[in-house]
Each structure stands twice: as C-alpha cells, then as structure tokens.
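# Observations on the three-dimensional arrangement
So the chains spell out like this:
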Amino acid sequence: MIEKLKQVAVERGADRLVIPVVPTSRNRPAREFLASLCGVSADAQEPFECVLSVTGDQSEWHRTAATGASPAAKIAAGDVKLPIVTDEEGILAQIANEMQSVSSIVSTIRERKKARPSTAGPLVPPGNPVEETLVNIWSDVLGVEPIGIRDNFFDFGGQSLRATRVLTRVRTELGVELGLTALFKTPTIEAMADEIAEMQALRS
C-alpha cells in the first residue's frame, strides 16, 4: 500500500507522504507498522506524523498538537462524536444470508446503482470488447448505470480514489498498467480504450 501511495504521489508531483496518527488503544498494530517505517516508538501516546520520502528510503517523524489540529485528534479527545450505526447487525446478517457468492454481490451492487443523470449528454454505447469492459468497470466504480463511452469520468462523480479503483481493475481485467495521470488526461472510456489498444499493439 505504501509503495502504491508513493507511486501516486510521484505522479502528482509530491515529494513525500505525511501519515498523521492519533494513538489509541485500537491502533497499536498501525503504530508498530509505522515504527518500522519512520522510527517512531510503537508505545507513542501523543499524536505524531510519519513523513516518508517518495523517491528514497528517507523518513522522519515529529509530534503534532494534541488538540485542535485535526478531526482525528478531536475524535480521540472526545470532542467529536461519531455517528452510531444502528443496524450493523442487520447489515451483517444480510451479507451472510443473501450475498454468499460473487454473482450475488455483483447483483446487489448493480441494484444500488444510481440512474444516469438527466443532464448527461447522449448515451453512446460501447463498440468493441475493450470499451464494453471499461463501461462495466466505470459503472461499478461510479455506481451509475448506464455509462456511455463519451461520458466524462469526473462529471459522473469521479475522484482520485475512484480513479485508482478503475485503474486497478483495468490492470486486472485487461492486463494494462495505466498511470493516474492518464485518466485525468483522457477522462472518457473512448479515449481510454484507444490508449489501451495502442499499448496492447506495442506488446504484440
């Protein structure tokens, strides 16, 4: 995960990762992991930041203010109350009883997709297998159906986290490694499919 974050940081022009931590009784495993990365004590009790270079092995850590600095610090101090999930048992029971296979999970996800916005442009369907695969990927990640090959990823609720999920599935399902900047430069399925076709042609 850290290596992937470094890769994304480099693509965005950043030179370091800053990982803020508010120690609690629950996150000791995370502190032990960070201890191996930036030298902080696993027994640290005060909020701190673990700072990692994205181009090398350099690292450092430093303390941060315990109050007023971040939402995480306020939560740890009890100044902010998190919403209570009142039906967690019901949700877990639904998962156990109704979603016991890949097909049932996919079906449930698709049932919860939002309809295509009425303000969207004309729906242009996929014209080849790559475009069809991308339509399915974008639809699942964005939670919108149907998706056309000329729809703009960011006009349909796309953001960096969802972009990363799209690229992960593209790598898994189409065997092509695209950088995050590629999606920002070509935010339509049609353009992405063209780029994938060029990359596949170069490999063959």
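All of the points below concern the structure found in this document. In every chain, residue numbers begin from 1 and rise along the written sequence. A pLDDT threshold of at least 70 governs which residues receive local features in this predicted model, and a stricter bar of 80 or more applies before side-chain atom pairs are shown or counted, although totals over entire chains, interfaces and linings include all residues. In computing side-chain values, all of the structure's heavy atoms are included and hydrogens and water are not.

## Brief notes about the state of the cysteines
- Only a pair of cysteine sulfur atoms within 2.5 Å counts as a disulfide in this structure description. For the coordinates displayed, the defined rule picks out one disulfide.
- Two residues share a disulfide in this structure: cysteine 38 and cysteine 50, whose sulfurs sit 2.5 Å from each other. Residues cysteine 38 and cysteine 50 share a disulfide whose torsion about the S-S bond is about -140°; that sign makes it left-handed. Of this pair, cysteine 38 sits in helix α2 (residues 28-38) while cysteine 50 is found in strand β2 (residues 48-53), placing the two residues twelve residues apart along the sequence. Each helix is a run of DSSP H or I of at least 4 residues and each strand a run of E of at least 2, with the numbering of both proceeding from the N terminus.

## Quick look at helix α1 (residues 2-11)
- Each residue gets one of three labels from its accessible area relative to the maximum for its type: buried under 20%, exposed over 50%, partly exposed in between, using a 1.4 Å probe on protein chains only. Among the residues of α1, those classed as buried are Ile2, Lys6, Val8 and Ala9. Considered in projection along α1, the buried side chains sweep an arc of 165° and stay on one side of the axis.
- The criterion used for residue contact is that any of the two residues' heavy atoms lie within 4.5 Å. Where the residues of α1 are buried, they touch β1 (16-21), α2, β2 and α8 (180-185).
- Directly after α1, the chain includes glycine 13, whose backbone phi takes a positive value near 85°. This arc corresponds to the set of directions leading from the helix axis out to the C-beta atoms.

## Observations regarding the packing of helix α6 (residues 129-142) against helix α7 (residues 160-174)
- In the contact formed by α6 and α7, the axes pass within 10 Å of each other and the chain directions differ by 145°. α6 and α7 meet at a crossing whose hand is right-handed. Together, Val130, Thr133, Leu134, Ile137, Trp138, Asp140, Val141 and Leu142 of α6 and Arg162, Arg165, Val166, Arg169, Val170, Glu173 and Leu174 of α7 make up the contact between the two elements.
- Polar here means any residue other than Ala, Val, Leu, Ile, Met, Phe, Trp, Tyr, Cys and Pro, which are nonpolar, and Asp, Glu, Lys and Arg, which are charged; Gly is therefore polar. Of the residues assigned to the contact of α6 with α7, the class counts are nine nonpolar, one polar and five charged. To get an axis, fit a line to the C-alpha atoms, keeping to the stretch in contact for a helix; angles then go from 0 to 180 degrees between the N-to-C directions. Should the near helix be turned counterclockwise from the far one by less than a right angle, the crossing is left-handed, whereas a clockwise turn marks it as right-handed.

## Section: the side chain of aspartate 151
- Structurally, aspartate 151 can be placed in the loop between β5 (144-145) and α7.
- Classification of aspartate 151 by relative accessible area gives buried; the value is 6%.
- Pairing of N or O atoms within 3.5 Å defines a polar contact, subject to two protein rules: one partner must be a possible hydrogen donor and the other a possible acceptor, and residues neighboring in sequence count only if both atoms are side-chain atoms. Of the polar contacts made by the side chain of aspartate 151, one reaches the side chain of arginine 116; its length is 2.5 Å.
- Here the side chain of aspartate 151 touches glycine 148 through a polar contact of 2.5 Å, landing on its backbone nitrogen.
- Ignoring any residue separated from it by four or fewer positions in sequence, one finds aspartate 151 in contact with Arg116, Pro122, Leu123, Trp138, Phe156, Pro187, Thr188 and Ile189.

## Topic: unusual backbone geometry
- The residue after glutamate 145, namely proline 146, is reached through a cis peptide bond having omega 0°.
- Along the polypeptide, proline 146 turns up in the loop between β5 and α7.

## Some details on the packing of α6 against helix α9 (residues 189-203)
- Packing of α6 against α9 brings their axes to within 9 Å, and their N-to-C directions diverge by 130°. It follows that α6 is oblique to α9 by the angle criterion. Handedness of the α6/α9 crossing: right-handed. Contact with α6, carried on its side by Val130, Glu131, Leu134, Val135 and Trp138, involves Ile189, Glu190, Met192, Ala193, Ile196 and Gln200 of α9 and no other residues of that element.
- Residues that form the contact of α6 with α9 fall into these classes: eight nonpolar, one polar and two charged. Each angle gets one of four labels, with under 35 degrees taken as roughly parallel, over 145 as roughly antiparallel, 65 to 115 as roughly perpendicular, and the rest as oblique.

## Observations concerning the sheet that holds β1
- If you trace the three strands from one edge of the open sheet to the other, you get β1-β2-β3, paired in antiparallel fashion. Whereas interior strands pair on both sides, the edge strands pair on one side only; in this sheet they are β1 and β3 (59-63). Adjacent strand axes in the sheet meet at a mean angle of 20°, parallel and antiparallel pairs treated alike.
- By the bridge criterion, five bridges tie β2 to β3 in an arrangement that is antiparallel. Looking at β3, one finds that valine 51 is bridged to glutamate 60.
- Strands in contact with α1 are β1 and β2; relative to β1, the strand with the most contacts, it is inclined by about 130°.
- Along the sheet, α2 makes contact with β1, β2 and β3, crossing β2 at roughly 45°. At least two DSSP bridges between two strands are needed for those strands to be called paired.

## A word on the nonpolar core
- Take the buried residues of types Ala, Val, Leu, Ile, Met, Phe, Trp, Tyr and Cys, join any two whose side-chain atoms come within 4.5 Å, and each joined set is a nonpolar core. Residues Leu134, Trp138, Val170, Met192 and Ile196 are the most contacted members of the largest nonpolar core, which totals 27 residues.
- Those elements giving two or more residues to this core turn out to be α6, α7, α8 and α9.
- No other element matches the seven residues that α6 contributes to this core.
- Beyond its immediate sequence surroundings of up to four residues, isoleucine 196 is in contact with Val130, Leu134, Val170, Leu174, Val176 and Leu178.

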